[in-house]
Amino acid sequence: MECIGIEKEAYRLVKSKVDELMALGQSCNIDCDRIREGWIENRELARCLDVSLRMLQSLRERGIIGYSMIGKKIYYRIDDVKEVIENGKI
């Protein structure tokens, strides 16, 4: 497994984005049913974390973040995303 170090401030910024994502789920500003089930769609996650779709693809390909695919849409478990960020893998 590859280990990537980031600055403390960058980590805090990403963590705050995850917290915002959780708050969005609470306030139902994004796909309510998916959030209640604990899932978020690929584009929505990229937008919330302010990362590119290519970065999410890279994380999937390297096995850093789990996902599910339904048809052509990719979904992530919010708890998994939070865990990956908290462990400093993003």
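Everything below is about the structure printed above this text.
Criteria and thresholds
Residues numbered from 1 in each chain as written. Predicted model: local features only at pLDDT ≥ 70, side-chain atom pairs only at ≥ 80, totals over all residues. Heavy atoms only, no water. Helix = DSSP H or I, 4+ residues; strand = E, 2+ residues; numbered from the N terminus. Buried < 20%, exposed > 50% of the residue type's maximum accessible area, 1.4 Å probe, protein only. Lys, Arg positive; Asp, Glu negative; His and termini not counted. Salt bridge = Lys/Arg side-chain N within 4 Å of Asp/Glu carboxyl O. Polar contact = N/O pair within 3.5 Å; in protein donor to acceptor, adjacent residues only side chain to side chain. Contact = heavy atoms within 4.5 Å.

A. A look at the side chain of Arg60. Locating Arg60 in the fold gives a position in helix α4 (residues 53-61). Buried Arg60, no salt bridge; nearest opposite-charge side chain is Glu61, N-O distance 6.3 Å. Of note is the side chain of Arg60, whose polar atom sits 3.4 Å from the side chain of Asn42. Among all residues touching Arg60, those that are not within four sequence positions of it are Asn42, Ile65, Tyr67, Ile74 and Tyr76.

B. Geometry of the environment of Lys73. Topologically, Lys73 is positioned in strand β3 (residues 73-77). Given the relative accessible area of 43%, Lys73 is considered partly exposed. With 30 residues separating them along the chain, Lys73 and Arg43 place their C-alpha atoms 9.3 Å apart.

This is a description of form; function is not addressed.
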